[in-house]
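Spelled out from the first residue to the last, the chains are:
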Amino acid sequence: MTPEEEKQLADEAKRLFSGRVEFLLSAPQLKFLPEPDFPEVAFCGRSNVGKSSLINALTGRRSIARTSVTPGRTQELNFFEVGEPTEFRLVDMPGYGFAKAPLKVVEKWRKLVRTFLRGRVPLRRTMVLVDSRHGLKDSDRDMMTILDEAAVGYRLVLTKADKIKASELEKVAALVAQEARKHPAAFPQIHITSAEKGMGLDELRAAMLFDVRD
Ligand SMILES: Nc1nc2c(ncn2[C@@H]2O[C@H](COP(=O)(O)OP(=O)(O)OP(=O)(O)O)[C@@H](O)[C@H]2O)c(=O)[nH]1
Ligand SMILES: [Mg+2]
């Protein structure tokens, strides 16, 4: 892409995300998924990593996606439509790696998430969110392997960048980028964001629009 094309994409992305964004439905089981009519971008990551907060920040809505201080807030696949007419959908997913939830519940979410990521035809891209303070955990690596095997391209997105020192952030980002290079379906370039401070959001919006139009 030329710099002009990049700028145009970024402007368009900004306009889209600040326009119509609407909650569509919440699917507690696969049989409740919406018809696969539009391209989709899914947000996954460990419990409490900031998936719902990032969706709110990207769309400039305070609480279109439900957030909480209690991990395990999002328990279904939540679909949001972007654009007028709809151009694509965002999918807010339940978090993984949440040790305190009852095992049966965790198993149910895990199955829902895995089956969705493996078999969803309109899924264009998955955002794998990683807490800036913690870097990659084994549960993230498991998720990355699932996506590699399903050949679903994904972007690694560091969240809560406002919570650590710049020098630490640089170190974590380098480590995550290094590991990303070993995963065939991972984008080599990682994203650094803060839903709280609005950091990295313009770039991520543009990247997502690029992904759904790809
Ligand atoms: N400082 C800071 N806090 C954040 C940021 N993003 C999210 N948080 C906080 O982290 C907590 C969890 O955020 P959520 O968006 O609910 O996380 P989630 O990944 O959707 O969680 P589950 O749905 O439980 O898996 C909330 O208390 C948020 O306010 C950020 O960029 N900066
Ligand atoms: Mg959530």
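This text follows the structure it describes.
Residues numbered from 1 in each chain as written. Chains lettered and ligands numbered in written order. Predicted model: local features only at pLDDT ≥ 70, side-chain atom pairs only at ≥ 80, totals over all residues.

**As for the overall build of the protein**
Cut-off, in case you're wondering: We count a stretch as a helix when DSSP gives it H or I for four or more residues in a row; a strand needs E for two or more, and each element gets its number in order from the N terminus. With C-alpha atoms as the basis for the radius of gyration, the globule rule is written as 2.2 Å multiplied by the number of residues raised to the power 0.38. Any residue whose C-beta has 12 or fewer other C-beta atoms within 10 Å is treated as exposed, any with 20 or more as buried, and any in between as partly exposed, C-beta atoms being built from the backbone. By definition, residue pairs are in contact when their C-beta atoms, positioned from the backbone, come within 7 Å.
Across its full length, the protein holds six helices and seven strands. Each helix and strand of the protein, ordered N terminal to C terminal, gives the series α-β-β-α-β-β-α-β-α-β-α-β-α. Computed over C-alpha atoms, the radius of gyration of the protein comes to 16 Å, within 12% of the 17 Å expected from 2.2 N^0.38 for 214 residues, which places it in the range of a compact globule. When the backbone C-alpha atoms are referred to their principal axes, the protein occupies close to 50 × 45 × 35 Å. Residue burial in the protein is summarised as follows: out of 214 residues, 39% are buried. In the protein, of all internal contacts separated by at least 6 residues, the share reaching a separation of at least 24 is 74%.

**Side note on the packing of helix α3 (residues 103-119) against helix α4 (residues 138-150)**
Stated precisely, the cut-off is as follows: Note on definitions: angles span 0 to 180 degrees between N-to-C directions of axes, and those axes are lines fitted to C-alpha atoms, for helices only across the stretch in contact. Comment on the angle field: the value is read as roughly parallel under 35 degrees, roughly antiparallel over 145, roughly perpendicular from 65 to 115, and oblique elsewhere. Left-handed describes a crossing whose near helix is turned anticlockwise from the far helix by less than a right angle; the clockwise case is right-handed.
One can describe the packing of α3 onto α4 by two numbers: an axis separation of 9 Å at closest approach and a directional angle of 30°. Judged by the angle between their axes, α3 and α4 are roughly parallel. For the crossing formed where α3 meets α4, the hand is right-handed. Across from R114, L117 and R118 in α3, the residues of α4 making contact are I146, L147 and A150.

**Overview of the environment of V49**
With respect to the secondary-structure elements, V49 resides in the loop between β2 (40-45) and α2 (51-59). Residue classification places V49 among the buried residues on the basis of 27 C-beta atoms within 10 Å. V49 sits 111 residues away from K160 along the chain, and the two C-alpha atoms are 8.0 Å apart. Not counting residues up to four positions away in its chain, the partners in contact with V49 are G95, L129, V130, D131 and T159.

**Considerations on the sheet that holds strand β1 (residues 21-27)**
As a reminder of what qualifies: Only strands joined by at least two bridges in the DSSP assignment are considered to pair.
Strand order in the open sheet formed by seven strands is β1-β3-β4-β2-β5-β6-β7, with mixed pairing between adjacent strands. Looking at which strands have only one partner, the edges of the open sheet turn out to be β1 and β7 (191-192). Here β2 runs beside strand β4 (residues 88-92); their pairing, made up of four bridges, is parallel. Counted as the bridge partner of V41 is L90 from β4. Each of β2, β5 (123-131) and β6 (154-159) is contacted by α4, which is oriented at about 165° to β5, the strand it contacts most.

**Some thoughts on the pairing of β6**
Remember that side chains alternate between the two faces of the sheet whenever the strand is regular. Summarising burial for β6: six of the six residues are buried, a large majority. The alternating pattern of β6 places Y154, L156 and L158 on one face and R155, V157 and T159 on the opposite face, and all of these are buried. Bridge analysis of β5 against β6 gives six bridges, and the strand direction is parallel. Across the sheet, residue M127 finds its bridge partner in β6, namely R155.

**Regarding the nonpolar core**
Definition in use: Linking buried Ala, Val, Leu, Ile, Met, Phe, Trp, Tyr and Cys residues through C-beta atoms within 7 Å yields a set, and such a set is a nonpolar core.
Within the largest apolar cluster, 52 residues are counted, with the highest numbers of intra-cluster contacts made by A42, F43 and V128. Sorting elements by how many residues they give to this core places helix α6 (residues 201-213) first, with six residues. Sequence-distant contacts of V128, defined by excluding residues within four places in its chain, comprise C44, G45, D140, M143, M144, Y154, L156 and V157.

**Quick look at α2**
Residues that lie three or four places apart on an α-helix share one face, since the helix turns once every 3.6 residues. Extensive coverage of α2 is indicated by the burial of nine of its nine residues. Turning to α2, its buried residues are K51, S52, S53, L54, I55, N56, A57, L58 and T59. Where α2 ends, the next residue or the one after it, G60, has phi of about 65°, a positive value.

**Digging into the environment of K163**
Tracing the backbone through its elements, the reader meets K163 in the loop between β6 and α5 (166-180). For K163, a count of 15 C-beta atoms within 10 Å gives the class partly exposed.

**Some words on the pairing of β4**
When you tally the buried positions in β4, you get five out of five residues, the bulk of the element. Side chains of β4 alternate between two faces, with F88, L90 and D92 and R89 and V91 buried alike. In this sheet, β4 lies alongside strand β3 (residues 77-82) in antiparallel orientation, the contact comprising five bridges. By the bridge assignment, F79 is partnered in β4 with V91.

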